[in-house]
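Coordinate analysis (summary)
Chain residues, written in single-letter form:
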Amino acid sequence: MSRAPSVGELAARLRREGLAEVELYRKQGRSRRYELSAQGRISGQTDERGWAVRAGGRPGSFFVAGTGSPALEGPWPAPCGPPLLLPSPAEVAPWSRPADLDAPLLGESEGFALLEAIERRLRDELPEARLLTATLEEGSSEAWLASARGVEGVRRPRAATRDREAAR
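This structure is a prediction, so every number in the text was calculated from the model and none was measured. (Residues numbered from 1 in each chain as written. Predicted model: local features only at pLDDT ≥ 70, side-chain atom pairs only at ≥ 80, totals over all residues. Heavy atoms only, no water.)

Let's talk about the overall build of the protein
To keep it simple, the criterion reads: Each helix is a run of DSSP H or I of at least 4 residues and each strand a run of E of at least 2, with the numbering of both proceeding from the N terminus. Here the term buried applies to any residue with accessible area under 20% of the maximum for its type, exposed to any over 50%, and partly exposed to those in between, with areas from a 1.4 Å probe on protein chains only. Two residues qualify as a contact provided that any one of their heavy atoms is within 4.5 Å of a heavy atom in the partner residue. Charged-residue counts in this description rest on Lys and Arg as positive and Asp and Glu as negative, His and the chain ends being excluded. Where a charge lies is defined by one atom per residue type, namely NZ (Lys), CZ (Arg), CG (Asp) and CD (Glu).
For the protein, the helix and strand inventory stands at two helices and six strands. The linear arrangement of helices and strands in the protein, starting from the amino end, is α-β-β-β-α-β-β-β. Counting only C-alpha atoms, the protein reaches 70 × 35 × 25 Å along its principal axes. Of all 168 residues assigned to the protein, the portion counted as buried reaches 33%. Counted over contacts in the protein with a minimum sequence separation of 6, partners at least 24 positions apart contribute 63%. In the protein, which carries 25 positive and 24 negative side-chain charges, the distance between the mean positions of the two groups comes to 4 Å.

A look at helix α2 (residues 108-125)
One turn of the α-helix equals 3.6 residues, which is why residues spaced by three or four share an orientation. Condition: By this rule, a helix spans an expected 1.5 Å times one less than how many residues it contains. Starting at the helix axis, one direction is taken to each C-beta atom, and the arc is that of these directions.
Compared with the 26 Å implied by 1.5 Å per residue over 18 residues, the 26 Å span of α2 between its first and last C-alpha is a close match. Taken together, the buried positions of α2 are Gly 111, Phe 112, Leu 115, Ile 118 and Leu 122. Along the axis of α2, the buried positions cluster into a sector of 115°, meaning they face one direction only. Seen from the buried face of α2, the exposed residues on the opposite side, beyond 90 degrees, are Ser 109, Arg 121 and Asp 124.

A closer look at the packing of aromatic side chains
The description of an aromatic ring pair uses the distance of the two centres, along with the angle that the planes make with each other. Cut-off, in case you're wondering: The criterion for an aromatic pair is that two Phe, Tyr or Trp rings (for Trp, the six-membered ring) have centres within 6.5 Å, with stacked assigned to planes under 30 degrees apart, edge-to-face to planes over 60 apart and tilted to the rest.
All chains considered together, the criterion is met by three aromatic pairs. Look at Trp 51 and Trp 76: their rings are 6.2 Å apart centre to centre, the planes differ by 85°, and that puts the pair in the edge-to-face class. With a gap of 25 residues between them, Trp 51 in strand β2 (residues 40-57) and Trp 76 in the loop between β3 (60-67) and α2 connect regions that are remote in the sequence. Judged by its relative accessible area of 12%, Trp 51 is buried. A relative accessible area of 15% places Trp 76 in the buried class.

A short note on the nonpolar core
Test applied: Side-chain atoms within 4.5 Å link the members of a nonpolar core, which is a set of buried Ala, Val, Leu, Ile, Met, Phe, Trp, Tyr and Cys residues.
Formed by 13 residues in total, the largest nonpolar core has its most connected members in Leu 10, Leu 14, Val 22, Val 53, Ala 55, Phe 62 and Trp 76. Elements supplying a minimum of two residues to this core: α1 (7-15), β1 (21-37) and β2. With ten residues, the next largest nonpolar core counts Phe 112, Ile 118, Leu 122 and Ala 129 among its residues.

As for the pattern of salt bridges
In plain terms, the rule: By definition here, a salt bridge exists when the distance from a side-chain nitrogen of Lys or Arg to a carboxyl oxygen of Asp or Glu is within 4 Å.
Considering all chains together, one arrives at 13 salt bridges under this definition. Taking the shortest distance from any N to any O, the salt bridge between Glu 119 and Arg 123 comes out at 3.8 Å. A residue pair is termed a helical-turn pair when its members lie 3 or 4 positions apart in one helix, as Glu 119 and Arg 123 do in helix α2 at four residues. Classification of Glu 119 as partly exposed rests on a relative accessible area of 24%. A salt bridge links Arg 158 to Glu 138; the shortest N-O distance between them is 3.8 Å.

A short note on α1
Restricting attention to buried positions, one finds in α1 the residues Val 7, Leu 10, Ala 11 and Leu 14. Take α1 and look down its axis: the buried residues cluster within an arc of 100°, on one side only. Tucked into the core, α1 has its buried residues touching β1, β2, β3 and β4 (130-147).

So, the side chain of Arg 30
For clarity, the cut-off: Definition of a polar contact: a pair of N or O atoms within 3.5 Å, with one able to donate and the other able to accept a hydrogen when the atoms are protein atoms, and with sequence-neighbouring residues admitted only if both atoms are side-chain atoms.
Within the secondary structure, Arg 30 sits in strand β1. For Arg 30, a relative accessible area of 9% corresponds to the buried category. A polar side-chain atom of Arg 30 sits 3.1 Å from a polar atom in the side chain of Glu 138.

Brief notes about the environment of Pro 127
Position of Pro 127 relative to the elements: it lies in the loop between α2 and β4. The exposure class of Pro 127 is exposed, given its relative accessible area of 63%. Sequence separation between Pro 127 and Gly 139 is twelve residues, and the spatial gap between their C-alpha atoms is 33 Å.

So far we have only geometry, and geometry alone does not tell us how the molecule works.
Pasting the structure below:
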């Protein structure tokens, strides 16, 4: 992820405004789509980046979110409502980042080869049927959560879906 403020930098900035409790959430992800239809082969890739900040103290609390990376200087909304109370740090089992999560599950040629194999198999089993569309989507994301109390976490989910529509 591009350079974004650390929770320590953000907490220092907001502490000057009386907001000692701070959480920073950042997420980035990418997805790929391969589609086989009557219009031909279509492929594309999407990259996403977003963030959220939750902060509070005696004057109240606020929540704000956006796309890209958060700007350290804000602007931040005026705190209102009850103060924010965050949990204290707790012991967490050690974790190591998997190396292969950024690699695509399939390249474009493999993705279309899989969809075309589905089409061939459909014709072999049901000669009168035809494939209208076949879609393969895969993606991964990484999300970080950190608080001014020292709580930190990272999550790296990955998913793939396949969809097809046929007619007789």
